[in-house]
Amino acid sequence: MVYKISDDCINCGACDSSCPVEAISEADGKRVIDASSCISCGACADTCPVSAISED
Ligand code: SF4
Ligand code: SF4
């Protein structure tokens, strides 16, 4: 189970620095999570102001 960013993402960037393995990057005006790097810690989900990040 990894975390995913939904279309609700407003590309604010708040989640970037929360990720301990730098699995979050920008693509096409939104943030995306690299599923092969994500360790499912949940830290990014706690930082998102629009609750766009959840377990897949
Ligand atoms: S769940 Fe943890 S490891 Fe996965 S993208 Fe979010 S902060 Fe990074
Ligand atoms: S914190 Fe939420 S809204 Fe901001 S870039 Fe990350 S996923 Fe998108």
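Check the entry above for the structure.
Criteria and cut-off values
- Residues numbered from 1 in each chain as written.
- Chains lettered and ligands numbered in written order.
- Predicted model: local features only at pLDDT ≥ 70, side-chain atom pairs only at ≥ 80, totals over all residues.
- Near = placed C-beta within 6 Å.
- Nonpolar A, V, L, I, M, F, W, Y, C, P; charged D, E, K, R; others polar.
- Helix = DSSP H or I, 4+ residues; strand = E, 2+ residues; numbered from the N terminus.
- Buried ≥ 20, exposed ≤ 12 C-beta atoms within 10 Å, placed from the backbone.
- Contact = placed C-beta atoms within 7 Å.
- Pairing = 2+ DSSP bridges.

Draft legend 1. Here's a closer look at the site of ligand 2. Neighbouring ligand 2 are 14 residues, the closest being C9, C12, A14, C15 and C48. Among the residues forming the shell around ligand 2, the class breakdown is ten nonpolar, three polar and one charged.

Draft legend 2. View of the environment of S37. Assignment of secondary structure puts S37 in the loop between β3 (30-33) and α1 (43-47). According to the C-beta neighbour criterion, S37 is partly exposed, with 13 such atoms within 10 Å. Between the C-alpha atom of S37 and that of A52, which follows or precedes it by 15 residues, the distance is 19 Å.

Draft legend 3. Structural detail: the site of ligand 1. With respect to spatial proximity, 14 residues lie near ligand 1, and among them C19, C38, C41, A43 and C44 are the closest. For the shell around ligand 1, the per-class residue count stands at eleven nonpolar, three polar and no charged.

Draft legend 4. Spotlight on the environment of D8. As for its placement among the helices and strands, D8 is situated in the loop between β1 (3-5) and β2 (24-27). The exposed category is assigned to D8, around which 12 C-beta atoms lie within 10 Å. Distance in space between the C-alpha atoms of D8 and K30 is 9.1 Å, their sequence separation being 22 residues. With residues near it in sequence (within four places) discarded, D8 still touches V50 and A52.

Draft legend 5. Representation of the environment of P49 within the structure. Considering the arrangement of structural elements, one finds P49 in the loop between α1 and β4 (53-55). Separated by 17 residues in the primary sequence, P49 and V32 place their C-alpha atoms 16 Å from one another. If we ignore the near neighbours within four places in the chain, the residues touching P49 are C12 and A14.

Draft legend 6. Local environment of unusual backbone geometry. Here E22, not a glycine, exhibits a phi torsion of approximately 50 degrees, which is positive. Non-glycine residue S51 carries a positive phi angle of around 50 degrees.

Draft legend 7. Inspection of the pairing of β3 at higher detail. In this sheet, β3 lies alongside β2 in antiparallel orientation, the contact comprising four bridges. Considered in β3, the bridge of S25 is made with V32. In textbook terms, the turn of a hairpin is the stretch between consecutive antiparallel strands, and for β2 and β3 this stretch comprises two residues, one of which, D28, has a positive phi near 55 degrees.

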